[in-house]
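Each chain is listed here by its residues.
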Amino acid sequence: MVKNEILAQYWTSKEVNDAFDKMHPEELRYDLKAEVFLVLCEMNEDKLVGLFERNELKFYIVRIMLNMIKSDRSTFYKNYRNYSEFVDQDFVSDDNDKTDMFEKLELNMDGLHWYNKEMLKLYAIDFKKNAKELSRKTGIPYMSIIRTINKTKKQMKINIRK
């Protein structure tokens, strides 16, 4: 077998998917799977085929998965596990400033890309700032939602301060 066939077989393998399904939080499962298979894609073909022929590839996949979950030095940890939502601490308390702020927000919403605008509306209004629930309902990966929301908030903050 060649590398691509092996990877395709293991991507859909029930045993491998069951191992990923045991990972918590569930919002990061697909991201973990993608990172593990990215490592496998970058691996030397001879090594991958050797692991497959010796029936060691399943165990190797699980070891990579556990290393990514447990290690604070892994790319998975840096990109996904160690990520916190952006929280703005600069909120003005004066009522006139609040109305000006809301007007500026509305003007900035019109200038946003349609995807960012809709994601921010869903996140803030429909799902009451619950990105995990939004991910479950829409099927959009959790980290994609978090990154989009944070990027949009930062961009709006910059635009408002101008």
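Below: a short report on this structure. (Residues numbered from 1 in each chain as written. Predicted model: local features only at pLDDT ≥ 70, side-chain atom pairs only at ≥ 80, totals over all residues. Heavy atoms only, no water.)

Brief notes about the overall build of the protein chain
For clarity, the cut-off: Only DSSP runs of H or I reaching four residues or more are called helices, and only runs of E reaching two or more are called strands; each is numbered from the N terminus. Burial status follows relative accessibility: with a 1.4 Å probe on protein chains alone, a residue under 20% of its type maximum counts as buried, one over 50% as exposed, and anything between as partly exposed. Should any heavy atoms of two residues lie within 4.5 Å, those residues are counted as being in contact. Residue burial considers only the protein chains on display, and all accessible areas are found by Shrake-Rupley using a 1.4 Å probe.
Check the secondary structure of the protein chain and you find ten helices and zero strands. The order of α-helices and β-strands along the protein chain, N terminus first, is α-α-α-α-α-α-α-α-α-α. Split into buried and exposed, the 162 residues of the protein chain put 33% on the buried side. Partitioning the intrachain contacts of the protein chain with sequence separation of at least 6 by distance along the chain shows that 66% fall at a separation of at least 24. As displayed, the protein chain has an accessible area near 10800 Å², and 51% of this comes from carbon and sulfur atoms.

Digging into helix H1 (residues 3-11)
To be explicit about the condition: Taken from the helix axis, the directions to the C-beta atoms give the arc we talk about.
Along H1, the residues that are buried comprise Lys3, Ile6, Leu7 and Tyr10. The arc that holds every buried residue of H1, seen down its axis, measures 95 degrees, which confines them to one face. Among the structural elements, helix H2 (14-21), helix H3 (29-42), helix H4 (45-53) and helix H5 (57-70) are those in contact with the buried residues of H1.

Re the packing of aromatic side chains
Let me state the cut-off plainly: When two rings of Phe, Tyr or Trp (its six-membered ring) have centres within 6.5 Å they constitute a pair, described as stacked for plane angles under 30 degrees, edge-to-face for angles over 60, and tilted for the intermediate range. Note on criteria: charge over ring means Lys NZ or Arg CZ within 6 Å of the ring centre, with the direction from the centre no more than 35 degrees off the ring normal.
Summed over the entire model, instances satisfying the criterion amount to four aromatic pairs. Taking 6.1 Å as the distance between ring centres and 85 degrees as the angle between the ring planes, the aromatic pair formed by Tyr10 and Phe52 counts as edge-to-face. Note that Tyr10 is positioned in helix H1 and Phe52 in helix H4, a separation of 42 residues in sequence. Residues Trp11 and Tyr30 carry aromatic rings whose centres are separated by 6.1 Å and whose planes lie at 90 degrees to one another, so their mutual orientation is edge-to-face. Residue Trp11 is located in helix H1, and its partner Tyr30 is located in helix H3; the two are separated by 19 residues in the primary sequence. Take Trp11: its relative accessible area is 29%, and that puts it in the partly exposed class. Put simply, the rings of Trp11, Tyr30 and Phe37 touch in pairs and so form one group of aromatic residues. Just above the ring of Trp11 sits the side chain of Lys33; from NZ or CZ to the centre is 4.0 Å.

Looking at the packing of H1 against H3
Applied cut-off: Fitted lines through C-alpha atoms give the axes, limited to the stretch in contact for helices. The angle between two N-to-C directions lies from 0 to 180 degrees. When an angle is under 35 degrees it counts as roughly parallel; over 145 it counts as roughly antiparallel; between 65 and 115 it counts as roughly perpendicular; any other value is oblique. Working rule for handedness: look at the near helix, and if it is turned counterclockwise from the far one by less than a right angle, call the crossing left-handed; if clockwise, right-handed. Side-chain classes are defined by residue name, with Ala, Val, Leu, Ile, Met, Phe, Trp, Tyr, Cys and Pro counting as nonpolar, Asp, Glu, Lys and Arg as charged, and the others, Gly among them, as polar.
Two elements in contact, H1 and H3, have axes separated by 11 Å at closest approach and are oriented at 160 degrees. As far as their axial angle goes, H3 and H1 are roughly antiparallel. Handedness of the crossing formed by H1 with H3: right-handed. Here Lys3, Leu7, Tyr10 and Trp11 of H1 lie close against H3, whose contacting residues are Tyr30, Lys33, Ala34, Phe37, Leu40, Cys41 and Glu42. Classifying every residue of the contact of H1 with H3 gives eight nonpolar, no polar and three charged.

Digging into the nonpolar core
This is how the line gets drawn: Throughout this description, the term nonpolar core refers to a set of buried Ala, Val, Leu, Ile, Met, Phe, Trp, Tyr and Cys residues connected via side-chain atoms within 4.5 Å.
Of all hydrophobic cores here, the largest spans 37 residues; its most connected members are Val36, Leu40, Leu57 and Ile61. Considering each element in turn, this core owes the most residues, six residues, to helix H10 (residues 142-161). Excluding its chain neighbours within four sequence positions, the residues that come into contact with Leu40 are Lys3, Leu7, Leu48, Leu57, Tyr60, Ile61 and Ile64.

So, helix H8 (residues 114-126)
As a reminder of what qualifies: A helix's residues, less one, multiplied by 1.5 Å, set its expected span.
A rise of 1.5 Å per residue sets the reference length of H8, with its 13 residues, at 18 Å; its end C-alpha atoms lie 17 Å apart and thus fit the reference within 8%. All of the buried residues in H8 are Asn116, Met119, Leu120 and Tyr123. Down the axis, H8 shows its buried residues gathered within 100 degrees of arc, on one side only. For H8, the exposed residues set more than 90 degrees away from the buried face come down to Trp114, Ile125 and Asp126. Positive phi appears at Lys128, one or two residues downstream of H8, with a value of about 45 degrees.

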